[in-house]
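Working through the structure, step by step
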Amino acid sequence: MKNTNIDNSKNTGSAGIKRRSFVKLFGGGILFIFNPFAGLDLFSSPAEQGRTLTKDYNAFLRIASDGTVTCYTGKIEMGQGIITSLPQMMADELDVPLNKIKMVMGDTDLCPYDAGTWGSLSTQVFGPAMRAAAAEAKAVLTEMASTRLKVPADRLQVKDGVVSDIKNPSVRVSYGQLAQGRKLEKYLDVKPQVEDYTKFVYTTKPLKRHDAVEKVTGKAKYAGDLRLPGMVFARILRPPSHGAKLESVDVSGAEQVKGTQVVRDGDFIAVLNENQERASEAIVKIKAEYSFNELKVNDKTLFDRMVGADSRSSVVRTSGDLEAGFRESDRIFESEFRDPYVAHAPIETHTALASYDGDKVTVWAATQTPFGLQDGIVRELGLPLEKVRVITPYVGGGFGGKNAFQQGIEAAKLAILSRKPVMVVWTREEEFFYDNFHPAGVIRVRSGIDKNGLIKLWDYNIYYSGTRGSETIYDVPHVRATSYSQNMNAVQIHPFSTGPWRAPNNNTNTFARESQIDIMASAAGIDPLEFRLRNLKDEKMIECLKAVADKFGYTPSKTPGGRGIGIACGHDANTWVAAIAEVRVDKSTGRVQVLRVACSQDMGLCVNPQGALLQMEGCITMGLGYALTEEIQFEGGVIKNKNFDTYEIPRFSWVPKIECVILDRKDKPPTGGGEPAIILIGALLANAIHDATGARMYQMPFTRKRVLEALKKV
Amino acid sequence: MEEKIGFYLNGKKTEILTDPSQTLLSVLRNQLGLTGTKFGCGTGFCGACTVLIDNEPVRSCTVPVSDASGKRVITIEGLSKNGKLHPLQQAFVDHDAFQCGYCTPGMIMTALGLLLKNPSPTREQIIEGLDENLCRCGAHVRIIDAVLEAGTKMRGGK
Ligand code: FES
Ligand code: FES
């Protein structure tokens, strides 16, 4: 690692913006600038679409003359815990008291550009890299102290932010004193090597959460909890369906509601009121007529439409030749798997507060992408970039849903139009309506096995749900995977916007692959674990399967064996996972109760086992939803699910006994932990239901109705 | 339309001038500045807005503020005493019983209502008692453990 003093004139920042002189902005001190992601080869997998991170420097550490250390990052805190782990790591590494460390997160004025926060990355990777940066910064500070004190650096020690001579402790200088009168920018080249991770093992001690006390006392401020003098609440007129066009409108009813101001900009109409409930009262008094020009499609016809569409096709991977695969196979299996649109449904809806001073707009938003929102406001409202500031308070869950930031643009627009601070809190219905859903899709698989139960053929076709996680993972000689996606000249297939949902696409692909594997194992009369092991060469996958079998106490059996035990495995974000579940199926009602889930995970060096376990449990619990109940019902552009009564998410009574094993890989770099386990749950439960009853589930979620229908076919 | 309404809020006698048909949630958050109580669905389905009225867990998004008139209302802000966390709060911290924390105030208030009625609930009773409270982050297992532990502590008089 080396440190370089950088001539600012040579630097242009990300997104084409000329890099500001940050020290000027912060008013002095010593500023360390670095990129915690440099040197981490996390994004090599072709399936990591949309996950490219800025290659630019994107974190700052500032030492002020009073000794305060502030860490600035464009990342945000939404439950993954970086607001806790970072200050502790910083304090440890820099040798300063914890109360001297401040975090500034997701503020576009103060923090360097960051593409967005994705759960898997932050805790596992960001932390250790920041730690390496802090260590580096300490070395630089010690160097500076050495010059100042005229004592060789190796004779200096640091304690509580004070550098002193080991031989003569009265020869000393504090970080704060070093920073006094300085305006110094130092760019750190932080490239933690694989071996370096072992020195982070001390982070494996459980960390006390920094945000915990605030969150259990109600003091933690989310966007909706902020208040500004003169603030008004907004409600916005919404179309009854996607694609509906406003034809005529009469707002006089709304104007009659006391204290209401109606704001209009083209088809964008909102009511403002200091009283939140009056705003809600007013909005329903607006009479609006619409014309409709919707796609003739609903949640039932969608799948045939996808398969029959004029699509753009691309072969994502191929090896061997399918003809040979057919010849070498003794039995061929053809299946079609379906996955509907799924909502993110964080408990905190999209919320934003905006204020405009006539020159600059400031938006406090529940968002995973503060810089994306800033760009969005620039684009849509035509303000210059430096006149838009986005600040991110605590975020009440994201899961990819808060990569979309429409509510922030709405609040900004209303603040500018009304010249008042405006709070936009989406209702639950708006949240369902405007979600960027997990994309629906169809997977068609044709596969074949020989007499020994070895897979010879794998012809895999993805319709509209995306390719992440579509690797075969098994050792198959003849493979082709084809992805069918939107043909720009053809009719639109997804009737509304879709986007990343925890482990994008991989849930669908793992459901299809691991179900198909089970179908073949069952037909061949081979225990599903044995069948997998027989067809795997991937050592990590094999290890994970063995570890989870051990944890579960698995005993082999052909399926369906009436036990209700299912297996699934796969990988995501360079993390390998395997799970075994036990379910009970009520054959009269179709209700599936998951009794136990054991899960193993190989995520390289596990930096924070406590955090990783939390994430695994979270994944398994959340996964129960997409597997058992979650499904957007729609007719044309109308979203029928308006609240949690028709869109059921996991509850306490659904949660199984969860047992997790994290494989110890101290020699491997840490990989993502926020998402992997969730990919397994669909196939895991489908396979367990099959083992319990002989019924095969081809469409998620496995609602009571679908289970009953499948039971009829047994 | 405005009326004077009085109740005991977190132990303190409180009187406000308000439209009595407004929800208790709005009044707490927007008029009384207690934003610890959260909005999640507005229709009683998620439990994020739960407070206690006379020790009964109530979804404050569904009741008019007039329902609280003359009663004792406890919100998440009223639990810690002199900076010391309530055993439930402490147990949530100790068990990492949340991720984003947005459902947490409602979970704690619902659990408190449960423990006040049944000081030594079984695991099953806790599950039943919290089943109408939603957590999207999947912190369920930890929440159950936290409530079990808090129950034990509260019985110990700590
Ligand atoms: S906000 Fe009251 S129950 Fe959801
Ligand atoms: S912790 Fe996020 S909703 Fe429960």
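Residues numbered from 1 in each chain as written. Chains lettered and ligands numbered in written order. Predicted model: local features only at pLDDT ≥ 70, side-chain atom pairs only at ≥ 80, totals over all residues. Heavy atoms only, no water.

On to the sheet that holds strand E8 (residues 172-174) of chain A. All names here are of chain A. Within the open sheet, the three strands sit side by side as E6-E7-E8. Their pairing is antiparallel. Two strands bound the open sheet, and with one partner strand each, they are strand E6 (156-159) and E8. Each strand of the sheet is rotated relative to its neighbour by a mean of 20°, with strand direction disregarded. (Pairing = 2+ DSSP bridges. Helix = DSSP H or I, 4+ residues; strand = E, 2+ residues; numbered from the N terminus. Axes fitted to C-alpha atoms, helices over the stretch in contact; angles between N-to-C directions.)

Next up on the list: the interface of chain B and chain A. Interface size, as often reported, equals the accessible area lost upon joining of the parts. With 51 residues of chain B in contact, the opposing surface of chain A contributes 58 residues. Summing both partners gives a buried area of about 4,400 Å² for chain B against chain A, and 56% of it is carried by carbon and sulfur. Where chain B meets chain A, there are four salt bridges. Of the charged contacts, one joins Glu630 of chain A and Arg136 of chain B as a salt bridge, the two residues approaching to 2.6 Å between their closest N and O atoms. There are 25 residue pairs in polar contact (both at pLDDT 80 or more) connecting chain B and chain A. (Contact = heavy atoms within 4.5 Å. Buried area = accessible area lost by both parts, 1.4 Å probe. Salt bridge = Lys/Arg side-chain N within 4 Å of Asp/Glu carboxyl O. Polar contact = N/O pair within 3.5 Å; in protein donor to acceptor, adjacent residues only side chain to side chain.)

All right, on to the nonpolar core then. One finds Leu414, Leu685 and Phe702 of chain A together with Phe92 of chain B to be the most contacted residues of the largest nonpolar core, which totals 216 residues. For this core, the element with the most residues is helix H3 (residues 119-149) of chain A, which contributes nine residues. In this structure Leu414 of chain A touches Ala234, Ile236, Val263, Phe268, Ala270, Leu272, Arg419, Val422 and Val424 of chain A, once residues within four positions along its chain are discounted. Core analysis: the second largest hydrophobic core is formed by 15 residues, Ile16, Leu28, Leu34 and Val63 of chain B among them. (Core = buried A, V, L, I, M, F, W, Y, C linked by side-chain atoms within 4.5 Å. Buried < 20%, exposed > 50% of the residue type's maximum accessible area, 1.4 Å probe, protein only.)

Let us now look at helix H17 (residues 681-693) of chain A. Residues and elements named next belong to chain A. In a regular helix each residue adds 1.5 Å, so 13 residues correspond to 18 Å; H17 covers 18 Å between its end C-alpha atoms and thus fits that length. Among the 13 residues that make up H17, 13 are buried, leaving the element largely enclosed by the rest of the structure. One or two steps after H17, the chain reaches Gly694, where phi turns positive at roughly 85°. (Expected span 1.5 Å × (residues − 1).)

Residues and elements named next belong to chain B. As assigned here, chain B comprises domain 1 (3-78) and domain 2 (87-154). The gap between the C-alpha centroids of domain 1 and domain 2 is 21 Å. At the junction of the two partners, domain 1 supplies 17 residues and domain 2 supplies 14 residues. Note on domain 1 versus domain 2: buried area summed over both sides is about 1,300 Å², and carbon and sulfur give 61% of it. There are one salt bridge connecting domain 1 and domain 2. (Domains from an automatic or database assignment.)

Residues Thr559 of chain A and Pro560 of chain A are joined by a peptide bond in cis, for which omega reads -5°. Among the structural elements, Pro560 of chain A can be located in the loop between helix H15 (539-552) and strand E24 (565-572). For the peptide bond that leads from Met700 of chain A to Pro701 of chain A, omega is -10°, which places it in the cis range. Structurally, the position occupied by Pro701 of chain A is in the loop between H17 and helix H18 (704-712). Non-glycine residue Lys150 of chain A carries a positive phi angle of around 55°. Position of Lys150 of chain A among the secondary structure elements: in the loop between H3 and E6. One non-glycine residue, Asn55 of chain B, lies in the positive phi region at around 70°. In this fold, Asn55 of chain B is placed in the loop between strand E3 (50-53) and strand E4 (56-59). The class of Asn55 of chain B is partly exposed, set by a relative accessible area of 29%.

This brings us to the confidence of the model for chain B. The predicted model of chain B has a mean per-residue pLDDT of 96, with 99% of residues at 70 or higher. Interface confidence for the predicted complex, given as ipTM, is 0.98, next to a pTM of 0.90. (pLDDT = per-residue confidence, 0-100.)

All names here are of chain A. Structurally, Asp691 can be placed in helix H17. An unpaired buried charge is present at Asp691: no salt bridge exists, and Arg563, the closest side chain of opposite charge, is 4.3 Å distant. Every residue in contact with Asp691, bar those within four places of it in the chain, is listed here: Lys558, Thr559, Pro560, Gly561, Gly562, Arg563, Gly564 and Ile565. (Lys, Arg positive; Asp, Glu negative; His and termini not counted.)

Another point: the pattern of salt bridges. Considering all chains together, one arrives at 40 salt bridges over all chains under this definition. One salt bridge connects Asp518 of chain A with Arg696 of chain A, and the closest N-O pair in it is separated by 3.4 Å. Within this pair, whereas Asp518 of chain A is found in helix H13 (residues 506-524), its partner Arg696 of chain A is found in the loop between H17 and H18, the two being separated by 178 residues in sequence. When its relative accessible area of 2% is taken as the criterion, Asp518 of chain A is described as buried. Residue Arg696 of chain A is classed as buried on the basis of its relative accessible area, which comes to 10%. Lys153 of chain B is the salt-bridge partner of Glu149 of chain B, the closest N and O atoms lying 3.4 Å from each other. Taken together, the residues span about one helical turn, with Glu149 of chain B and Lys153 of chain B both in helix H5 (residues 140-155) at a distance of four residues.

Moving on, we come to the pairing of strand E9 (residues 183-188) of chain A. Residue and element names in this part refer to chain A. Of all six residues making up E9, five are buried, and the element is well covered by its neighbours. With five bridges joining them, strand E2 (residues 29-34) and E9 adopt parallel strand pairing. Within the sheet, the bridge partner assigned to Phe32 lies in E9 and is Lys186.

Moving on, we get to the sheet that holds E24 of chain A. Residue and element names in this part refer to chain A. Taking strand neighbours across the sheet as the criterion, the four strands line up as E24-E25-E26-E29 in an open arrangement whose pairing is mixed. Either end of the sheet is taken by a strand with one partner, and the two such strands are E24 and strand E29 (657-662). Within this sheet the neighbouring strands show an average axis-to-axis angle of 15°, counted without direction. Alignment of strand E26 (residues 592-602) against E29, held across six bridges, turns out to be parallel. Note that in E29 the partner of Ala598 across the bridge is Glu659.

Turning next to the packing of aromatic side chains. Residue and element names in this part refer to chain A. Taken as a whole, this structure holds 17 aromatic pairs over all chains when the rule is applied. Here the aromatic rings of Phe432 and Phe644 are separated by 6.0 Å at their centres, their planes lie at 75°, and the arrangement is edge-to-face. Taken together, the residues span a long stretch of sequence, with Phe432 in helix H12 (residues 428-433) and Phe644 in the loop between strand E28 (638-639) and E29 at a distance of 212 residues. Of the two residues, Phe432 and Phe644, both sit in the buried class. A ring pair is formed by Tyr463 and Tyr484, whose centres lie 4.5 Å apart and whose planes are at 5°; its orientation type is stacked. Here the residue Tyr463 occupies a position in strand E22 (residues 455-463), and Tyr484 occupies one in strand E23 (residues 478-485), the gap between them amounting to 21 residues. A connected cluster of aromatic rings, assembled from ring pairs, spans Phe337, Phe511, Tyr698 and Phe702. The ring of Trp576 has Lys540 sitting right over it, with the charged end atom 4.2 Å from the ring centre. Looking at Arg596, its charged tip hangs above the ring of Phe552, at a distance of 4.0 Å from the centre. (Phe/Tyr/Trp six-rings, centres within 6.5 Å; stacked < 30°, edge-to-face > 60°. Lys NZ or Arg CZ within 6 Å of the ring centre and 35° of its normal.)

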